[in-house]
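# A look at the structure
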Amino acid sequence: MPPVNRAPRNELIEWYSSIPPITRALLTLMITTTTASTLGLIHPSSLILYWPGVKQRLQLWRLVSCFFVNRLSLGFAFNVFFLYRNSLQLETEVFRNQPADYIFFYLVTSGLQLAAASFISLYVLSDGLLLSAAYLWSQHYRDVPVSFMFGIRFKFSLKAYYLPWAMIASDFIMSGGEIPKASIVGLLSSHIYHYLTTIYPSQGGRRYLQTPDFLRRIFPSPNQPRNNHTNVFGRHAWGRGRRLDS
């Protein structure tokens, strides 16, 4: 028999397909949104958090796009790397087989950041998304050594616990002394989530933040079979029914 010609491997596609779904979605949104706005395919002003557009014109996509719009630069490349690394470990280890809990983390922290942005006039929250993931990751991997680079000259190692603070300091220095409000808000939102779901309950307090059941039904654990007889609200899906004389 003649040898079977196998299709050539595309390592990039294989790598992309191997990324867990939530992390893959975050990276895809960040890269495509930033690229499209940089190339002029979408005007950046239509992606930022502009509250009159949200409230008066119902431009609800701004509530999401503001977390992913950025500008192509070396700093953006570092942000993508940190988001990939931190989110990958969060999804595959901290929230292993708990996709609903991981999505709930982003819903809570993003909601807190949106609320803060309405008071301190923030229009782009991509740094906040990055810092929220970095902070939670640092709390679970406190003593893991990581390398961090200020710009392209100074590289040093530090424990993961200090990584979010180093990232904020880097933002402050690279921006010429401007306070990185979005990064600070992202860190604080993640701290609130971590305190209410982990620290306070471990001290004997009540866990006030619970992942809603409807999220668990929409995003079930891979080890949990879907219940095809209920809808997303937990009610039995009875179907259309049949007439008795049919």
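Residues numbered from 1 in each chain as written. Predicted model: local features only at pLDDT ≥ 70, side-chain atom pairs only at ≥ 80, totals over all residues. Heavy atoms only, no water.

The name given to the protein in an unreviewed UniProt entry is Derlin, and the organism recorded there is Rhizopus azygosporus. Listed under Function (unreviewed entry) in UniProt, the entry text for the protein is "May be involved in the degradation of misfolded endoplasmic reticulum (ER) luminal proteins." Listed under Subcellular location (unreviewed entry) in UniProt, the entry text for the protein is "Endoplasmic reticulum membrane". (UniProt positions renumbered as here; feature names shortened; annotations may be inferred.)

### With respect to unusual backbone geometry
Even without being glycine, Asn-97 reaches a positive phi, approximately 60 degrees. When you line up the elements, Asn-97 lands in the loop between helix H5 (74-94) and helix H6 (99-120). Asn-97 sits in the partly exposed class, given a relative accessible area of 31%. Here the phi dihedral of Ser-121 falls at roughly 55 degrees; this positive angle occurs in a residue that is not glycine. Looking at where Ser-121 falls in the secondary structure, it is placed in the loop between H6 and helix H7 (126-140). (Helix = DSSP H or I, 4+ residues; strand = E, 2+ residues; numbered from the N terminus. Buried < 20%, exposed > 50% of the residue type's maximum accessible area, 1.4 Å probe, protein only.)

### Describing the packing of aromatic side chains
Counting across every chain of the model gives 12 aromatic pairs. Taken together, the ring pairs in this structure connect Phe-95, Tyr-102, Phe-105, Tyr-106 and Tyr-193 into an aromatic cluster. Positioned over the ring face of Tyr-16 is Arg-24, at 5.9 Å from the centre of the ring. Looking at Arg-85, its charged tip hangs above the ring of Trp-137, at a distance of 4.8 Å from the centre. (Phe/Tyr/Trp six-rings, centres within 6.5 Å; stacked < 30°, edge-to-face > 60°. Lys NZ or Arg CZ within 6 Å of the ring centre and 35° of its normal.)

### Topic: the layout of surface pockets
Each pocket or cavity is described by its volume, and for the second largest pocket that value is around 330 Å³. Leu-26, Phe-68, Tyr-106, Leu-107 and Ser-110 are the residues nearest the centre of the second largest pocket, which is lined by 17 residues in total. Looking at the lining of the second largest pocket, the elements with two or more residues in it are helix H2 (21-38), helix H4 (62-65) and H6. When residues of the lining of the second largest pocket are assigned to their parent elements, the largest contribution, 6 residues, is made by H6. Here the lining of the second largest pocket is composed, by residue class, of 15 nonpolar, 2 polar and no charged. (1 Å grid on protein atoms, 1.4 Å probe; cavity = no way out; pocket = protein on both sides within 12 Å on 5 of 7 lines; lining within 4 Å. Points joined across faces, edges and corners; volume = space filled by probe spheres on them. Nonpolar A, V, L, I, M, F, W, Y, C, P; charged D, E, K, R; others polar.)

### Brief notes about the UniProt feature "transmembrane region" (unreviewed entry) in the protein
Mapped onto this numbering, the UniProt entry gives "transmembrane region" (unreviewed entry) at residues 25-51, 63-84 and 104-125. Spanning residues 25-51, this segment combines 56% helix with 0% strand, and its end C-alpha atoms are found 25 Å apart. Summarising residues 104-125: 77% helix, 0% strand, and an end-to-end C-alpha distance of 18 Å.

### Re the pattern of salt bridges
All told, the structure shown has 2 salt bridges when counted by the stated rule. For Arg-216, the salt bridge goes to Asp-101, with nearest N and O atoms at 2.9 Å. In this pair, Arg-216 is assigned in helix H10 (residues 213-218) and Asp-101 in helix H6, connecting sequence segments 115 residues apart. Asp-143 is the salt-bridge partner of Lys-159, the closest N and O atoms lying 3.8 Å from each other. Of this pair, Lys-159 sits in strand E2 (residues 154-159) while Asp-143 sits in the loop between H7 and strand E1 (145-150); the two residues are 16 residues apart in sequence, bridging distant segments of the chain. What makes Lys-159 partly exposed here is its relative accessible area of 44%. (Salt bridge = Lys/Arg side-chain N within 4 Å of Asp/Glu carboxyl O.)

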